Amino acid sequence: MTHISLEDVSKYFDAGETVANYRVDLEIDDGEFLVLLGPSGCGKTTALRLIAGLETPSEGAIYFDAERVDERSPSDRNVAMVFQNYALYPHMSVQENIAYPLKIRGVPPDERDRRIAAVTKLLHIEDQVESSPAELSGGQRQRVALARAIVREPSVFLLDEPLSNLDAKLRQEMRSELKRLQDELGITTVYVTHNQEEAMSMADRVAVMNEGTIRQIAPPSELYSRPRTEWVARFIGSPPMNLLGGTRRNGAIDLGDAGRVELERTAAGDPGGAPPGDVSLGVRPEDLSVETERPSAGSAIEGTVDTVEPLGEYTIVNVAVGDHLVNAKVTETDVERDDRVYLTFGDGDTYLYDADGILHTESRAREAAER
Ligand SMILES: Nc1ncnc2c1ncn2[C@@H]1O[C@H](COP(=O)(O)OP(=O)(O)O)[C@@H](O)[C@H]1O
Ligand SMILES: [Mg+2]
């Protein structure tokens, strides 16, 4: 088990026109399953390669437990990495593929056999050990790649979008299997993905990355219930949070064409009210109800139905509110295009972001700490 710490690590690439700059400050606990989540190109693979030793930091330090490792070669870090495009040796059997990393490390044959038996059982590929990679399905091949990584008994396990090439059903199966495997082995794991469902379902904590920076690290439930910035709020959820621009005015948030929402309804858990001036009011689609009559009490966001998308389990109602489109995710509705509707929500279901895009309660806490 290994605690990983990246202290003020940055990495600059200067490849002709493009200069990429990544800053990663990150602590990963012993045995933790940490997921790095972010859009393509945000620097996830770079972060993994820094931990693996395939890149050296331009600044900062990387520690495994108390030992500084950023000057160490990949082979001295006892890290196993599995990529999206895992390559098995085509001319070797499954058994030989898995044995290979042990052979080159000089592990004696009986120890090798013992470990291979254990790992193939763990991954449910004991019946395929004599097969060649060409005879296996995509899922089985991915399992062999995982087995080959695990058999070395690494202290850190790095996975870079390992399920992206599998079909949806298999991806889901492998998700729970990987999670179980990691639980059983207790190996500190960093898993990279751009798929938020994957991240939310597997992670102990998710680190959300954007433009080379970690924007928030939190357990999945907290990431969903307290997105610290507008960017994270827009990134998490399906469909993501609705955000409406407004101004604090006379005890309410004035949303322009969308109406107004009384301040006390937006300030849940925050007795200090709302920030002055420009704000964004956020509501998740699943927290909105679609009413055809103006509610007798409380505020509502008023708009006109644009589209209705029935998706079986739920329906997405797209409502034009001023020049915005607001998504509501409801289980039952009979509204139609062009209907005038009122979107209502519970008091605790709104989020306020200040002019800098910071969750209002966060910016207040920060101000209080700075005082
Ligand atoms: N070796 C490199 N040389 C120059 N630029 C690089 C290099 N590696 C990564 N980058 C830059 O980082 C970007 C993608 O980083 P990466 O870590 O692969 O992102 P992600 O895995 O999140 O998609 C590339 O678009 C490129 O600009
Ligand atoms: Mg990548």
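Across its full length, the protein carries 10 helices and 20 strands. If you line up the protein on its principal axes, its C-alpha atoms span 80 × 50 × 40 Å. Looking at the protein as a whole, 50% of its 371 residues are labelled buried. Sequence-distant contacts in the protein: of pairs separated by 6 or more residues, those separated by 24 or more amount to 67%. On the protein, roughly 17,700 Å² of surface is accessible, and the fraction owed to carbon and sulfur atoms is 45%. The protein carries 39 positive and 65 negative side-chain charges, and their two centres are separated by 4 Å.

Accessible area lost during the coming together of the parts is what is often quoted as the interface size. The assigned domain composition of the protein is domain 1 (4-227) and domain 2 (231-370). Each of domain 1 and domain 2 was reduced to a C-alpha centroid, and the two centroids are 38 Å apart. Tallying the contact residues gives 15 residues for domain 1 and 14 residues for domain 2. Roughly 1,200 Å² of surface becomes buried between domain 1 and domain 2 when both sides are summed, with 61% attributable to carbon and sulfur atoms. Our count for the domain 1 to domain 2 interface comes out at 0 salt bridges.

How two aromatic rings sit relative to each other is given by the distance of their centres and the angle of their planes. Going through the model one piece at a time under the given rule, you end up with 4 aromatic pairs. Judged by centre distance (5.8 Å) and plane angle (35 degrees), the ring pair of Phe33 and Tyr191 falls under tilted. Here the residue Phe33 occupies a position in strand S3 (residues 33-37), and Tyr191 occupies one in strand S8 (residues 188-193), the gap between them amounting to 158 residues. Residue classification places Phe33 among the buried positions, given a relative accessible area of 1%. On the basis of relative accessible area, Tyr191 is assigned to the buried category, the value being 0%. Considering the side-chain rings of Trp231 and Phe235, the 4.9 Å spacing of their centres and the 15 degrees angle between planes classify their relative orientation as stacked. On the criterion of helical spacing, the pair formed by Trp231 and Phe235 is a turn pair, its members being 4 residues apart in helix H8 (residues 230-235). The aromatic ring of Tyr224 is capped on one face by Arg284, whose charged end is 4.3 Å from the ring centroid. The ring of Tyr314 is capped by Lys329, whose NZ or CZ atom sits 4.4 Å from the centre of that ring.

Turning our eyes to something else, we now look at the site of ligand 1. The full set close to ligand 1 counts 12 residues, and Tyr22, Gly41, Lys44, Thr45 and Thr46 are the nearest of them. Within the contact set of ligand 1, an oxygen atom lies 3.2 Å away from a backbone nitrogen or oxygen of Cys42. At 2.6 Å, a side-chain N or O of Thr46 approaches an oxygen atom of ligand 1. Compared with its free state, where it exposes 560 Å², ligand 1 has 62% of that area covered by protein. Elements that contribute at least two residues to the shell around ligand 1 include exactly strand S1 (4-15), strand S2 (18-28) and helix H1 (44-52). The greatest single-element share of the shell around ligand 1, amounting to 3 residues, is contributed by H1. Residue classes in the shell around ligand 1 are distributed as 6 nonpolar, 5 polar and 1 charged.

What counts, and at which threshold
Residues numbered from 1 in each chain as written. Chains lettered and ligands numbered in written order. Predicted model: local features only at pLDDT ≥ 70, side-chain atom pairs only at ≥ 80, totals over all residues. Heavy atoms only, no water. Helix = DSSP H or I, 4+ residues; strand = E, 2+ residues; numbered from the N terminus. Buried < 20%, exposed > 50% of the residue type's maximum accessible area, 1.4 Å probe, protein only. Contact = heavy atoms within 4.5 Å. Areas by Shrake-Rupley, 256 points an atom, 1.4 Å probe, with all protein chains shown as cover. Lys, Arg positive; Asp, Glu negative; His and termini not counted. Charge placed at Lys NZ, Arg CZ, Asp CG, Glu CD. Domains from an automatic or database assignment. Buried area = accessible area lost by both parts, 1.4 Å probe. Salt bridge = Lys/Arg side-chain N within 4 Å of Asp/Glu carboxyl O. Phe/Tyr/Trp six-rings, centres within 6.5 Å; stacked < 30°, edge-to-face > 60°. Lys NZ or Arg CZ within 6 Å of the ring centre and 35° of its normal. Near = heavy atom within 4 Å. Polar contact = N/O pair within 3.5 Å; in protein donor to acceptor, adjacent residues only side chain to side chain. Nonpolar A, V, L, I, M, F, W, Y, C, P; charged D, E, K, R; others polar.

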